[in-house]
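Chain by chain, the residues:
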Amino acid sequence: MSVIKSDVLPIRSEQDIVLARQAVRKLTQELTFSIVDQTKFVTAASELARNTLIYGGGGDLYWEVILDGGRKGLKLSFKDEGPGIPDLKQAMTDGWTSGHGLGMGLSGSKRLVNDFEIESTPGKGTRVTITRWK
Amino acid sequence: MAKGQSRIVGILKKYEADLLNDWLGELKASGADSDGRISETELRNQATEFISQLREATQSGNLDNIGTAEWQAVRDFLDGISRSRVAQGFRSDQTAGFIFSVKKPLFTRLRKELGSDADGLAEETWVATELLDKLAMHTVHSFQKTREDVIRRQQEELLELSTPVVKLWEGVLALPMIGTLDSARTQIVMESLLQRIVDTGSEIAIIDITGVPTVDTLVAQHLLKTVTAIRLMGADCIISGIRPQIAQTIVHLGVDLEGVTTKANLADALSLALKRSGFSITKSKA
Amino acid sequence: MDRIPILQMGKFLLVTIQVDLHDRLALTLQDDLTAKIEKTNAKGVLIDISSLEIVDSFIGRMIANTSSMARILDAKTVVVGMQPAVAITLVELGLTLTGVQTALNVERGMHLLRTSLADKEADDVCDQV
Ligand SMILES: Nc1ncnc2c1ncn2[C@@H]1O[C@H](COP(=O)(O)OP(=O)(O)OP(=O)(O)O)[C@@H](O)[C@H]1O
Ligand SMILES: [Mg+2]
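Residues numbered from 1 in each chain as written. Chains lettered and ligands numbered in written order. Predicted model: local features only at pLDDT ≥ 70, side-chain atom pairs only at ≥ 80, totals over all residues. Heavy atoms only, no water.

Further remarks concern the interface of chain C and chain A. Contact residues are listed per partner, giving 20 residues for chain C and 24 residues for chain A. At the boundary of chain C with chain A, total buried surface from both sides reaches about 2000 Å², with 57% on carbon and sulfur atoms. Contact with chain A buries area across many residues of chain C, yet C:Ile54, C:Glu92 and C:Leu93 alone supply 27% of it, more than any other trio. The salt bridge partner of A:Arg50 is C:Asp56, with a shortest N-O separation of 2.9 Å. Applying the counting rule to chain C against chain A returns 11 residue pairs in polar contact (both at pLDDT 80 or more). When residues of the side of chain C that touches chain A are traced back to their parent elements, those giving at least two are α1 (23-40), α2 (57-72) and α3 (84-93) of chain C. For the side of chain C that touches chain A, the per-class residue count stands at 9 nonpolar, 4 polar and 7 charged. (Contact = heavy atoms within 4.5 Å. Buried area = accessible area lost by both parts, 1.4 Å probe. Salt bridge = Lys/Arg side-chain N within 4 Å of Asp/Glu carboxyl O. Polar contact = N/O pair within 3.5 Å; in protein donor to acceptor, adjacent residues only side chain to side chain. Helix = DSSP H or I, 4+ residues; strand = E, 2+ residues; numbered from the N terminus. Nonpolar A, V, L, I, M, F, W, Y, C, P; charged D, E, K, R; others polar.)

The domain boundaries assigned to chain B delineate domain 1 (2-159) and domain 2 (166-276). If you average the C-alpha positions of domain 1 of chain B and of domain 2 of chain B, the two centres end up 53 Å apart. (Domains from an automatic or database assignment.)

On to the packing of helix α1 (residues 14-30) of chain A against helix α2 (residues 35-54) of chain A. Residues and elements named next belong to chain A. Where α1 meets α2, the closest approach of the two axes is 9 Å, and the angle between their N-to-C directions is 155°. Relative to α2, the element α1 lies roughly antiparallel. When you trace α1 past α2, the crossing you get is right-handed. On α2, the residues that touch Glu-14, Ile-17, Arg-21, Val-24, Arg-25, Thr-28 and Gln-29 of α1 are Gln-38, Thr-39, Phe-41, Val-42, Ala-45, Ser-46, Ala-49, Arg-50 and Leu-53. Class assignment of the residues belonging to the contact of α1 with α2 gives a composition of 7 nonpolar, 5 polar and 4 charged. (Axes fitted to C-alpha atoms, helices over the stretch in contact; angles between N-to-C directions. Parallel < 35°, antiparallel > 145°, perpendicular 65-115°, else oblique. Left-handed = near helix turned anticlockwise from the far one by under 90°.)

Turning to the site of ligand 1, a few remarks are in order. Taken together, 19 residues form the shell around ligand 1, and within it A:Asn51, A:Thr97, A:Ser98, A:Met104 and A:Leu106 come nearest. Two or more chains meet at ligand 1, and those chains are chains A and C. The contact in question runs from an oxygen atom of ligand 1 to an N or O atom on the side chain of A:Asn51, over 2.8 Å. One of the backbone N or O atoms of A:Leu102 is found 3.2 Å from an oxygen atom in ligand 1. Protein coverage of the free-state accessible area of ligand 1, which is 600 Å², stands at 94%. Counting only elements with at least two residues in the shell around ligand 1, the list comes to α2 and α4 (105-112) of chain A. Residues that form the shell around ligand 1 fall into these classes: 7 nonpolar, 10 polar and 2 charged. (Near = heavy atom within 4 Å. Areas by Shrake-Rupley, 256 points an atom, 1.4 Å probe, with all protein chains shown as cover.)

The next thing to look at is helix α3 (residues 40-58) of chain B. The end-to-end C-alpha distance of α3(B), which contains 19 residues, comes to 27 Å, matching closely the 27 Å that a straight helix rising 1.5 Å per residue would cover. Within α3(B) the residues assigned to the buried category are B:Leu43, B:Gln46, B:Ala47, B:Phe50, B:Ile51, B:Gln53, B:Leu54, B:Arg55, B:Ala57 and B:Thr58. (Expected span 1.5 Å × (residues − 1). Buried < 20%, exposed > 50% of the residue type's maximum accessible area, 1.4 Å probe, protein only.)

Geometrically, a pair of aromatic rings is defined through the distance of the ring centres and the angle of the planes. What the rule picks out here adds up to 6 aromatic pairs over all chains. Plain terms: the ring middles of A:Phe33 and A:Phe41 are 6.5 Å apart, the flat faces sit at 75° to each other, and that makes the pair edge-to-face. We classify A:Phe33 as buried; its relative accessible area is 5%. Note on B:Trp23 and B:Phe98: the rings are 5.0 Å apart at their centroids and 45° apart in plane angle, and the pair reads as tilted. Here B:Trp23 is found in helix α2 (residues 16-29), whereas its partner B:Phe98 is found in helix α5 (residues 92-100), with 75 residues between them in sequence. The exposure class assigned to B:Phe98 is buried, which follows from its relative accessible area of 3%. Among the aromatic residues, those joined into a cluster by ring pairs are B:Trp23, B:Phe50, B:Phe77 and B:Phe98. A cation sits over an aromatic face here: A:Arg71 above A:Trp133, 3.9 Å from the ring centre. B:Arg37 extends its terminal NZ or CZ atom over the ring of B:Phe90, reaching a point 4.4 Å from the ring centre. (Phe/Tyr/Trp six-rings, centres within 6.5 Å; stacked < 30°, edge-to-face > 60°. Lys NZ or Arg CZ within 6 Å of the ring centre and 35° of its normal.)

Here it is in structure tokens:
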């Protein structure tokens, strides 16, 4: 697997969520994803960026355009150094929220992408990585 | 690369016209324009353009990496050539031949200019070979990519053609599905149905699965998601032609079709659709 | 832009969302709409989202909440013009916007509002009798 290009974007304000969405949209267009695939991926990115900001207290989005065995993909990693998630299984359940959300962000984004990985250490932070292949 | 500027740069400038004539001669001899798929003028224009692009690019002094910005124009030009060759029905070796046939004219000039300097000649010939091979490779690669794109597009078109969305009445669309449904096909067909609903402003869509022998969990779930998406957009959906076996499977699979309007056949579905749209059908007395 | 304009058309309000909404803008719109329903005594709200390229859980929740608040203020909300890709994504995400009425386009949405207002006025007359 090789990385064709990559960059980092800050997720520290609501405006950053909008900018992240736009950046991800542009990348999915460059990769000529279908409109439906673009929309799914941008929506997942929006959910995760908001979690990074609200629960993680802000963080960064690392993106990579990758090539693996002839297929191209877009990989996004949302990373924060916030409080972490004590019970991942619970957090990944449809409808579970510790705040006032709908509790659909994590579980829903998992359904919108090809690969979904979440790592979290209480007191240290959280990292969610998603990938969509062309 | 050779120390100092490569002699190739100078040769391209000095012998531009001669190179072009010899090259066209080569192309003609190889029968590149013999079957009328490409006209002599078109071939001449392409060759002229290529020589001048090549001259521009080599002036940068970079003759070994064609992936850089100086070579962008050449690469774009070759991509264009590949696309037109695909459209004209040429094979990939014929397309690569376009570039390879410039070798002989170029080597002849190199020999003329560097005749006495054997080392220099060997080195420059090597540089020229490498360069033209890379350009030919790029062309073949781009040719294949274009052809793959064409094939994929044709497959998608075929897929859509095989399940056309038809307008049954003002505001009523129908999607008669025939044959085995796999997940990928269902997805494409459903997406085109949703788009047609928006384009035509139709408020009712009928998905008729009379011609579908079986459905698996994924397809059943996909049907259900489509119905939900159609409702979200503000239209309504009726599924017709669910055969007994399929009804059983759906129940066994635990897919919840509760709240989805189903009808035994397309005729019943259409009559319900018309009623909902405010039409009534009466038999004329005659 | 820091506010989404709300147009008044007789007894109805029309909002066309044309920008990528950041969260605060979405909440401001919710406040503005409820205030305007109250001020104009509007009976219906049309939210046109045909230019929106995504609806995530935040915007989805804002739309659902606005619709419930409007209902309490005696106005009916219709969301119109949702793009197919947005609808497919919402379903996959698991948001079905229960309780939110939708229509294909502004014209159909207006028709819905008018018929429901007419029905309601007929009911109100009955109540008086
Ligand atoms: N980056 C994070 N750091 C700490 N906790 C998180 C993080 N992301 C998610 N969580 C926790 O996981 C829960 C579920 O997240 P999810 O995104 O699914 O729902 P939500 O944000 O509560 O609501 P919604 O996204 O539907 O508006 C959150 O309520 C929060 O407690
Ligand atoms: Mg969330």
